[in-house]
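Given next are the chains, with one letter for each unit.
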Number of protein chains: 2
Amino acid sequence: MFSDSTITENETRRDLPAHLEQLLRTICFRIRVQGREALKNYSITAAQFDLLQRVYFNGPQTMTKLSQSLGIAKSTTSGLVTRLVRDGFLDRRRDETDRRVFTVAITPLGEQVIKSVIEMRVRYVEEVIKQIPEEKITLVHNALDILYEVMSPKQH
Amino acid sequence: MFSDSTITENETRRDLPAHLEQLLRTICFRIRVQGREALKNYSITAAQFDLLQRVYFNGPQTMTKLSQSLGIAKSTTSGLVTRLVRDGFLDRRRDETDRRVFTVAITPLGEQVIKSVIEMRVRYVEEVIKQIPEEKITLVHNALDILYEVMSPKQH
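The numbers attached to residues start from 1 for each chain and follow its sequence in the written order. Chain labels run from A onward and ligand labels from 1 onward, assigned in the order the entries are written. Given that the model is predicted, a residue must reach a pLDDT of at least 70 before its local features are reported, and side-chain atom pairs must reach 80 or more before they are shown or counted; all residues, however, enter totals for whole chains, interfaces and linings. Each side-chain value is worked out from all heavy atoms of the structure, with water and hydrogens disregarded.

Going by an unreviewed UniProt entry, chain A carries the name MarR family transcriptional regulator and comes from Fervidobacterium islandicum.

When you go through chain A residue by residue, the secondary structure sums to 6 helices and 3 strands. Helices and strands appear in chain A in the N-to-C order α-α-β-α-α-β-β-α-α. Using a 1.4 Å probe on the protein chains alone, a residue whose accessible area is under 20% of its type maximum counts as buried, one over 50% counts as exposed, and one in between counts as partly exposed. A total of 156 residues make up chain A; the buried ones form 41% of that total. Contacts are residue-level and defined by heavy atoms, with any inter-residue pair within 4.5 Å sufficient. Taking as baseline every contact in chain A between residues at least 6 positions apart, the subset at least 24 positions apart corresponds to 52%. The accessible surface values rely on the Shrake-Rupley method and a 1.4 Å probe; as for residues, cover is taken only from the protein chains in view. In the structure as shown, chain A presents an accessible area of about 9400 Å², 51% of it carried by carbon and sulfur atoms. Strands here are runs of E lasting at least two residues and helices are runs of H or I lasting at least four, both read from the DSSP assignment and numbered beginning at the N terminus.

This next bit is on the pairing of strand β3 (residues 102-106) of chain B. Residues and elements named next belong to chain B. Counting buried residues along β3, 4 of its 5 residues qualify, which places the element largely inside the surrounding structure. Here, a strand pair is defined by DSSP locating no fewer than two bridges between the strands. Sheet topology places strand β1 (residues 61-62) next to β3; 2 bridges connect them, and they run antiparallel. Bridge pairing in β3 links Gln 61 to Val 104. With 5 bridges connecting them, strand β2 (residues 90-94) and β3 associate as antiparallel partners. Its bridge partner being in β3, Leu 90 is matched across the sheet by Ile 106.

We now examine the nonpolar core. Core analysis: the largest hydrophobic core is formed by 38 residues, its most contacted members being Ile132(A), Leu144(A), Leu147(A), Ile132(B), Leu144(B) and Leu147(B). Looking at this core, the elements that each hand over two or more residues are α1 (9-36), α5 (108-130) and α6 (134-151) of chain A together with α1 (9-36), α5 (108-130) and α6 (134-151) of chain B. Residues enter a nonpolar core if they are buried and are Ala, Val, Leu, Ile, Met, Phe, Trp, Tyr or Cys, with the set joined through side-chain atoms within 4.5 Å. Counting residues in hydrophobic clusters, the runner-up holds 24 residues, among them Ile44(A), Ile72(A), Val117(A) and Ile118(A).

With 23 residues, α5(A) extends 33 Å from end C-alpha to end C-alpha; this agrees with the ideal 33 Å at 1.5 Å per step. Along α5(A), the residues that are buried comprise Gly110(A), Val113(A), Ile114(A), Ser116(A), Val117(A), Ile118(A), Arg121(A), Val122(A), Tyr124(A), Val125(A), Val128(A) and Ile129(A). Multiply 1.5 Å by the residue count of a helix minus one, and that product is the helix's expected span.

What follows concerns the pattern of salt bridges. All names here are of chain B. Any Lys or Arg side-chain nitrogen located within 4 Å of an Asp or Glu carboxyl oxygen qualifies as a salt bridge. Inspection of every chain in the model, using the stated rule, returns 20 salt bridges over all chains. Glu 111 is the salt-bridge partner of Lys 115, the closest N and O atoms lying 4.0 Å from each other. Here Glu 111 and Lys 115 lie together in helix α5, a separation of 4 residues that amounts to about one turn. Between Glu 119 and Arg 123 there is a salt bridge, with its nearest N and O atoms 2.9 Å apart. Of this pair, Glu 119 and Arg 123 both sit in helix α5, separated by 4 residues, roughly a single helical turn.

The criterion for a disulfide is a pair of cysteine sulfur atoms lying within 2.5 Å. If you walk through the whole model with that rule in mind, you get 1 disulfide over all chains. There is a disulfide in this structure between Cys28(A) and Cys28(B), and the S-S distance comes to 1.9 Å. Sign of the S-S torsion, about -80° for the bond between Cys28(A) and Cys28(B), identifies this disulfide as left-handed. With Cys28(A) in helix α1 and Cys28(B) in helix α1, this pair bridges two chains.

Taken together, the buried positions of helix α3 (residues 63-70) of chain B are occupied by Met63(B), Leu66(B), Ser67(B) and Leu70(B). For α3(B), the arc enclosing every buried residue in end-on projection is 100°, short of the 170-degree limit, so these residues lie on one face. In this structure, α3(B) carries Lys65(B) and Gln68(B) as exposed residues pointing more than 90 degrees from its buried face. In this structure, the buried side of α3(B) is in contact with α2 (46-58) of chain A together with α2 (46-58), β1, α4 (74-86), β2 and β3 of chain B. Summarising the geometry, the arc corresponds to the directions from the helix axis toward the C-beta atoms.

Here a cavity denotes grid points, spaced 1 Å and computed from the protein atoms alone, that fit a 1.4 Å probe unable to get out, and a pocket denotes an open set having protein on both sides within 12 Å along at least 5 of 7 lines; residues with an atom within 4 Å of a point are the lining. Grid points are joined across faces, edges and corners, and a volume is the space filled by probe spheres set on the points. All chains considered together, the criterion is met by 1 cavity of 30 Å³ or more. Taken as a whole, the largest cavity spans an internal volume of roughly 30 Å³. Looking at the lining of the largest cavity, the elements that each hand over two or more residues are α5 of chain A together with α1 of chain B. Examining the composition of the lining of the largest cavity, we find that 3 residues originate from one element, α5(A), more than from any other. For the lining of the largest cavity, the per-class residue count stands at 8 nonpolar, no polar and no charged. Residues are grouped as follows: nonpolar covers Ala, Val, Leu, Ile, Met, Phe, Trp, Tyr, Cys and Pro; charged covers Asp, Glu, Lys and Arg; every other residue, Gly included, is treated as polar.

Put into structure tokens, the structure is as follows:
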């Protein structure tokens, strides 16, 4: 029989990663949900948004690379891209170095979608900060700086 | 002309939500990428995983509800579900209260996928914690507790 009080300090330490992962999972999920609210202003699906985001952050790329980085079939990518091009969020052009290849790039309207989502996320974080006592805000800021720093790819 | 040194304390305060959102976005993204590594052991796409996750966390549900919560067309949902059922990750059954309706539920194999992803995430968080000095770990833990608490839906 185990009760909470029998948990030793070692066991607590062992459970810490799982506990922090759960906290982070919930925090990330709530911000994500708030951000995606912005998509309701555009007729864009979650799958289309994932693709758009990929092009926004990684720059213009070929359909093949896009399929690989999203881990979806080329035919699925093609369907998503076709609708995003039709609705003005993406541009499909022939590659300048290899005319047989098509490259996908984001349009100003596509950029606007990404920025709207980020804006909704920032607004939510702003609401959250308002509920945190002044003296704890620095603590949160420092903690996120530490996590960000440790998670950044190391320069060798 | 503006340089960093002209930023007043008020301006810094105004930029804080945007700064914290960016830190959180990167932190969440890195954990996410590590977790998705687990999917390589199963032949499952990102879109299929999103759907699976939804069924795992929200319980058995109808195709209509699933389409709505994922914000995708019923035909797309149907295609994703068909492949997940075929590969043994989901079960499609007739609803017990309304025999005309199909309900989608997760199988033990489907649960295993979700748990593998969470395990990869926890392992990454564990690696991250190891790089944080002992005395800072409590700070990070406290900060995440604060964010989690403030972001939780309020009970009235």
